[in-house]
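Observations on the model geometry
The lines below spell out each chain.
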Protein chains: 2
Amino acid sequence: MTPFEFRSKVRNGQFREPTAGHCGDFAQANLVIVAKAYADDFFRFCFLNPKSCPVLAVGEPGQWDMAAIGTDIDIRTDVPGYYVYRDGRMVEERTSLQEIWQPDFVVFAIGCSFSFKQMLIQAGIRLRHIEQQKNVAMYRTNIKNKTAGPFGGDMVVSMRPMTAAYAIKAIQITSRFPAIHGAPVHIGNPAEIGIGDIDRPDFGDAVSILPNELPVFWACGVTPQEAIRTACLPIAITHKPGYMLVTDIPNSTLAVF
Amino acid sequence: MTPFEFRSKVRNGQFREPTAGHCGDFAQANLVIVAKAYADDFFRFCFLNPKSCPVLAVGEPGQWDMAAIGTDIDIRTDVPGYYVYRDGRMVEERTSLQEIWQPDFVVFAIGCSFSFKQMLIQAGIRLRHIEQQKNVAMYRTNIKNKTAGPFGGDMVVSMRPMTAAYAIKAIQITSRFPAIHGAPVHIGNPAEIGIGDIDRPDFGDAVSILPNELPVFWACGVTPQEAIRTACLPIAITHKPGYMLVTDIPNSTLAVF
């Protein structure tokens, strides 16, 4: 199935599940929608925090198509799940934004680690959360985001346990992909970045770390979601976690060297 | 001082010290000399173990100049210290090979981590052994070399303690330089690669590892020296450890991307 065909199924209500594993050769994106009054600050927040918020595309106010990242995208209908936040609280889960769309909405598509997952597996690196059919483990850290307007907070990271040799290879591979979070931000001792209990992730599922493995931590697309939430905007929208926007961008084209 | 001028001082007997810190923008090389009868096996050994034995240049039998890596090099006189091995034992330390040169000697110049040291420092990474004016700590491991003829044994590694963030950066930097050992071979738990006591290196000097640091291990040019020694050749020659061949190759030109 092409990404275009996949999005059509979403738009027609035939697909309402997590998108991991679908159209695996193409980049999936985190979605953030804020009103024009906050869009400039949010764009600057992304610029200042490129590891957690790598912008793949940004729309004009009111624009719901995103030709730069996919044919005939309608951002109001082509994501299989949306969260609506009002005053910083998630108040509604939706499958379409058509009824609540505002002419001042600005859409941000932000790179997602689903893409580099593909690269790692192709390099022979086994990912435990995939093998165990779990969501990746994610943690709040004490790494402060650079702030812009109301957007701030701390970095959220995802963690994948690996042997040292695979960790080195994973650093090499992901360094080539700054648009999908790039190189890890930390390896080893979780306490160094403020993670108290590695067995209790703040989001996703715990996975075991074997005695010969190191935890490897990447900046995570949940970071902008948390920043959106804590900014307490009158209204903001994100994708439902795991229910991503599937783009037409081949992952391989995101490599910078 | 240019590398050419530096080598002239060595040739004239005016320099008989470790070469670290001299002509720092230019690659220094490990030296291995074996008789033609063993050269093919040794060349294949290097090919099979490129992380520890990255060949910068190899001579014809009897050839003591190496135009590919430096103007007017005379390998018999331009290294400030030589070790001579007979039947696997270091039997003599010399400052010239002129009296013992054989027409069947084949010269190998092998990349050296002195070069990437420069790259790391330029990237703002502090290296404890440099700051403490020590030799880098080196360890025998249980990582088996691929064997070729009489050459085999285990990999020797050098270790530099770093914070996780600097370790990630150091992996990115050294990955660009396969000719000078490339990316690390291990990070973290020394026992994983057979190192029993990190405070007691097999070569060089111990340095402390701070609580927020990881030990980062690179393949080391002592590996081929150990392979030469344990191969018990009738005669073999290496540089004296730390007393390297200074080449005309700018370190920066060794980057592959």
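Residue positions are given per chain, counting from 1 as you read along its sequence in written order. Each chain gets a letter, beginning with A, and each ligand a number, beginning with 1, in the order they are written. Owing to the predicted nature of the model, reporting of local features is limited to residues with pLDDT of at least 70; listing and counting of side-chain atom pairs is limited to 80 or more, with chain, interface and lining totals taken over all residues. Side-chain figures throughout are based on the complete set of non-hydrogen atoms in the structure, without hydrogens or water.

In the annotation of an unreviewed UniProt entry, the entry for chain A reads Putative hydro-lyase ACFOFO_22940, and the organism field reads Undibacterium arcticum. UniProt positions are given in the numbering used here, feature names are shortened, and annotations may be inferred rather than shown by experiment. Chain A has a UniProt comment under Sequence similarities (unreviewed entry) that states "Belongs to the D-glutamate cyclase family."

A few words now on the overall build of chain A. Only runs of H or I of at least four residues qualify as helices and only runs of E of at least two qualify as strands under DSSP, and these elements are numbered from the N terminus. Helices and strands together make up the secondary structure of chain A, namely 6 helices and 11 strands. We compute the radius of gyration from the C-alpha atoms alone; for a globule the expected value is 2.2 Å times N to the 0.38, where N is the number of residues. On C-alpha atoms alone, chain A measures out to a radius of gyration of 17 Å, which is about the 18 Å that the 2.2 N^0.38 rule sets for 257 residues. Expressed as lengths along the three principal axes of its C-alpha atoms, the size of chain A is roughly 55 × 40 × 30 Å. A 1.4 Å probe rolled over the protein chains alone gives each residue an accessible area, and that area as a share of the maximum for its type sets the label: buried under 20%, exposed over 50%, partly exposed in between. Buried residues in chain A amount to 55% of all 257 residues. Whether two residues are in contact is decided by their heavy atoms, any of which lying within 4.5 Å being enough. Within chain A, residue pairs in contact and separated by at least 24 positions form 79% of the contacts whose partners lie at least 6 positions apart. Only carbon and sulfur atoms are counted for the fraction: they give 51% of the accessible area of chain A, which is about 10,500 Å². For every accessible area listed, the method is Shrake-Rupley and the probe measures 1.4 Å; residues are considered covered only by the protein chains on display.

Residue and element names in this part refer to chain B. Here the expected span of a helix is defined as 1.5 Å times the quantity of residues minus one. With 13 residues, helix α2 (residues 36-48) extends 19 Å between its outermost C-alpha atoms, agreeing within 8% with the 18 Å of an ideal straight helix rising 1.5 Å per residue. A39, F42, F45 and C46 are the residues of α2 that are buried. Looking straight down α2, one finds its buried side chains confined to an arc of 125 degrees; they lie on one side. α2 presents A37, D40 and F47 as exposed residues on the side facing more than 90 degrees away from its buried surface. To be clear, the arc concerns the directions from the helix axis to the C-beta atoms.

What follows is about the sheet that holds strand β7 (residues 154-163) of chain B. All names here are of chain B. Pairing is antiparallel in the open sheet, where 4 strands are placed in the order β6-β7-β9-β8. The two strands at the open ends of the sheet, each matched to only one other strand, are β6 (137-144) and β8 (186-187). Any two strands between which DSSP finds at least two bridges are classified as paired. Bridge analysis of β7 against strand β9 (residues 213-219) gives 7 bridges, and the strand direction is antiparallel. Residue S158 lies in a different strand from β9, and its bridge partner there is W218. Relative to the sheet, helix α6 (residues 222-230) contacts β6 and β7, its axis offset from that of β7 by approximately 160 degrees. To obtain an axis, a line is fitted to C-alpha atoms, over the contacting stretch when the element is a helix, and the angle between two such axes runs from 0 to 180 degrees between their N-to-C directions.

Many authors give the size of an interface as the accessible area that is lost as the parts come together. Residues and elements named next belong to chain A. Annotation comment: domain bounds sourced from an automatic or database domain assignment. For chain A, the domain assignment lists domain 1 (3-111 + 231-251) and domain 2 (114-223). Every contact between the two is made by 26 residues of domain 1 and, on the other side, 26 residues of domain 2. Note: buried area is the sum, over both parts, of the accessible area (probe 1.4 Å) each one loses when the two are combined. Between domain 1 and domain 2 lies a buried interface of about 2,000 Å² when both sides are counted; carbon and sulfur atoms form 64% of it. When the buried area of domain 1 at its contact with domain 2 is split by residue, F45, K51 and N251 rank highest and sum to 30% of it. Only β1 (26-35) and α2 (36-48) provide two or more residues apiece to the side of domain 1 that touches domain 2. The biggest single contributor to the side of domain 1 that touches domain 2 is α2, with 6 residues. Taken together, the residues of the side of domain 1 that touches domain 2 break down into 12 nonpolar, 10 polar and 4 charged. Gly is placed with the polar residues, together with every amino acid not listed as nonpolar (Ala, Val, Leu, Ile, Met, Phe, Trp, Tyr, Cys and Pro) or charged (Asp, Glu, Lys and Arg).

Turning next to the layout of surface pockets. All names here are of chain A. Taken as a whole, the largest pocket encloses approximately 630 Å³ of empty space. Buriedness of a pocket was judged along seven lines, with at least five required to meet protein on both sides within 12 Å; pockets are open sets of points on a 1 Å grid over the protein atoms alone, cavities are sets where a 1.4 Å probe fits but cannot get out, and lining residues have an atom within 4 Å of a point. In terms of lining, the largest pocket is formed by 31 residues, of which the most central are F114, N135, V136, M138 and G242. Here the lining of the largest pocket gets 3 residues from one element, more than from any other, and that element is helix α6 (residues 222-230). Partitioned by chemical class, the residues of the lining of the largest pocket number 14 nonpolar, 13 polar and 4 charged. Lining the lining of the largest pocket are residues from two domains, each supplying at least three of them: domain 1 (3-111 + 231-251) and domain 2 (114-223). Grid points are joined across faces, edges and corners, and a volume is the space filled by probe spheres set on the points.

Attention shifts here to the nonpolar core. We define a nonpolar core as any set of buried Ala, Val, Leu, Ile, Met, Phe, Trp, Tyr and Cys residues linked to one another through side-chain atoms lying within 4.5 Å. Formed by 87 residues in total, the largest nonpolar core has its most connected members in M162 of chain A together with M162 of chain B. Ignoring sequence-local partners within four residues, the contact set of M162 of chain B consists of L120, I125, L127, A167, A170, N212, E213, L214, V216 and W218 of chain B.

With that settled, consider the environment of W64 of chain A. Residues and elements named next belong to chain A. Summarising the element assignment, W64 is placed in the loop between β2 (55-58) and β3 (82-86). With relative accessibility at 34%, the residue W64 sits in the partly exposed group. Linking W64 and V106, residues 42 residues apart in sequence, is a C-alpha distance of 8.4 Å. With residues near it in sequence (within four places) discarded, W64 still touches I73, D74, I75, R76 and W101.

Time to look at the relation of the copies chain A and chain B. Mapping chain A onto chain B leaves a residual RMSD of 0.0 Å; the transformation is a rotation of 180 degrees accompanied by 0.0 Å of translation along its axis. Considering both components of the superposition, the chain copies are consistent with a two-fold axis. For chain A, the smallest separation between a C-alpha atom and the rotation axis is recorded for Q172 of chain A, amounting to 3.2 Å. Mapped onto chain B, 100% of the interface residues of chain A are again interface residues, and the two copies thus contact each other with one and the same surface. In superposing the copies, a least-squares fit is computed on C-alpha atoms, taking residues whose pLDDT is at least 70 in both.

According to the stated counting rule, one finds 3 cavities of 30 Å³ or more in the structure shown. In this structure, the largest cavity occupies an estimated 70 Å³ of space. For the largest cavity, the lining is made up of 13 residues, of which H22, G24, Q28, F114 and K117 of chain A are closest to its centre. Those elements that place two or more of their residues in the lining of the largest cavity are β1 and α3 (114-122) of chain A. A per-element tally of the lining of the largest cavity places α3 of chain A first, with 4 residues. Residues belonging to the lining of the largest cavity are distributed by class as follows: 5 nonpolar, 7 polar and 1 charged. In terms of domain composition, the lining of the largest cavity takes at least three residues from each of domain 1 (3-111 + 231-251) and domain 2 (114-223) of chain A. The volume enclosed by the second largest cavity comes to roughly 50 Å³. For the second largest cavity, the full set of lining residues is G21, H22, C23, G24, F26, Q28, F114, S115, K117, Q118 and N251 of chain B. Those elements giving two or more residues to the lining of the second largest cavity turn out to be β1 (26-35) and α3 (114-122) of chain B.

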